[in-house]
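Chains, contacts and geometry: an overview
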Amino acid sequence: MSNVLYKSNQEIPQDMLLGNLLFTNLIDMKIAATDLAAIFQKNNIPESYVKDISQADAFRRASSSIKNRILLLSATSEKVRVEVDEVKSDYNGIKRIIGIKKVDDVNEDISYQPVGEIVFNRSNGLCIATPLLAVGDVDYQAIRDICDEVENKYQDWSVYHNKDTVRNIINRIISDTHPVNLMPTGLCKFVPQGSTDLLYHLKEALSDLSLYRDKSSSGDNIMEIIPVIDTDEQRSLVEKNFTAEITNELFAFTQELKDVLTKKQSLSTRTASSYIDKFNTLKSKAQEYESLLGVYVQSIHTQITDALELVDNNTDTKDAI
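The structure reproduced in this document is the subject of the present report. Every chain is numbered on its own, with residues counted from 1 as its sequence reads. Selection of residues for local features in this predicted model requires a pLDDT of at least 70, selection of side-chain atom pairs for listing and counting requires 80 or more, and totals for whole chains, interfaces and linings are taken over all residues. Hydrogens and water molecules were not included; the side-chain quantities draw on all heavy atoms of the structure.

Strands sit in the order β3-β4-β5-β6-β7 across an open sheet of 5 strands; the sheet is antiparallel. Both edges of this open sheet fall to β3 (70–72) and β7 (126–131), since each of them pairs with a single strand only. Within the sheet, the average angular offset between the axes of one strand and its neighbour, ignoring direction, is 30°. Bridge count between strand β6 (residues 112–121) and β7: 6 bridges; the pairing is antiparallel. Pairing of G116 across the sheet is with P131, part of β7. Against the sheet, helix α3 (residues 140–157) contacts β3, β4 (79–89), β5 (93–102), β6 and β7, and its axis sits at roughly 170° relative to β7. One bridge is not enough; two strands pair if DSSP finds at least two bridges between them. Under the scheme used here, helices are H or I runs from DSSP no shorter than 4 residues and strands are E runs no shorter than 2 residues, and both carry numbers assigned from the N terminus. Angles run from 0 to 180 degrees between N-to-C directions of axes, and those axes are lines fitted to C-alpha atoms, restricted for helices to the stretch in contact. Throughout, a contact is declared for two residues whenever any of their heavy atoms are within 4.5 Å.

As structure tokens, then:
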């Protein structure tokens, strides 16, 4: 009896696979949207996943990056925590305030002091961060430094995709494969075997993206694809986890729907359509796993039917006329 040894996971015949386990880890990177789209095209991944960078989103990410920073004030030798609070967002722009709170171990009489403001102008795309302390203040430079940090990050992040935005794109792609978490942390995902080719395309794309690592970064992007051989034991594991995950999502959506109805009594056609899409997406995911595993989970379909009836019976159709 001879043993078959495959040189790579990708060579394992599809009819032997139930799916794949997926692990990913991204390095810090900086890449233009055009280069990212070119890498996706090269690796047969739809370019539609690459969206234009939102300047407002870049502003919020850059300004939020200094949150919870601990500073040591020169004037008082006290440790303070940096807070960033949004105070205005309208057609013209966004304004956020940088504040500092004393770090107090017993949480008593914690003081708050506004020390800077960050303003984003939608018309020209400018981000300006300004200390609210006087130039002669002993702590002025510490606040000036974090204001400069926000402006510099915005300059980069409004032009280039970075680790965070690339991760969001990768997560959208993986989400469209209908993964199921096999660990509570979400670090280990199971992806049905029908998406195997896409996963290997994505692995190659992430390898190409390693060339765009940030100067401060080392190593490479990692995507490990581990085949799950089709056995009764593995089917049972996947069925248990997919059933629990969809049931939990159904409960969350249904509870959210009931809370909305408690407040509003009825749903607009637009809101109703949004909930119908959510429940139908879960139904589609359930059907895919049922087909893969050769099972039928009656409880899931009953909950979806009940939820859709709840939407239908509480939709205000007047605004559709």
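It is worth spelling out the pattern of salt bridges at this point. Counted as salt bridges are all cases of a side-chain nitrogen of Lys or Arg within 4 Å of a carboxyl oxygen of Asp or Glu. For the structure shown, the criterion picks out 16 salt bridges. Across the pair E149 and R69 runs a salt bridge, and its minimum N-O distance is 2.8 Å. In this pair, E149 sits in helix α3 while R69 sits in the loop between α2 (55–64) and β3, placing the two residues 80 residues apart along the sequence. Summary of the burial criterion: residues with accessible area below 20% of their type's maximum are buried, those above 50% are exposed, and those between are partly exposed, where the area comes from a 1.4 Å probe applied to protein chains only. Judged by its relative accessible area of 21%, E149 falls in the partly exposed class. Given the relative accessible area of 27%, R69 is considered partly exposed. The closest approach of N and O atoms between E78 and K102, which form a salt bridge, is 3.4 Å. Taken together, the residues E78 in the loop between β3 and β4 and K102 in strand β5 connect sequence positions 24 residues apart. Here the salt bridges share partners, and the residues they tie into one network are R60, E86 and R96.

Interpretation note: all reported values are geometric properties and have no functional meaning in isolation.
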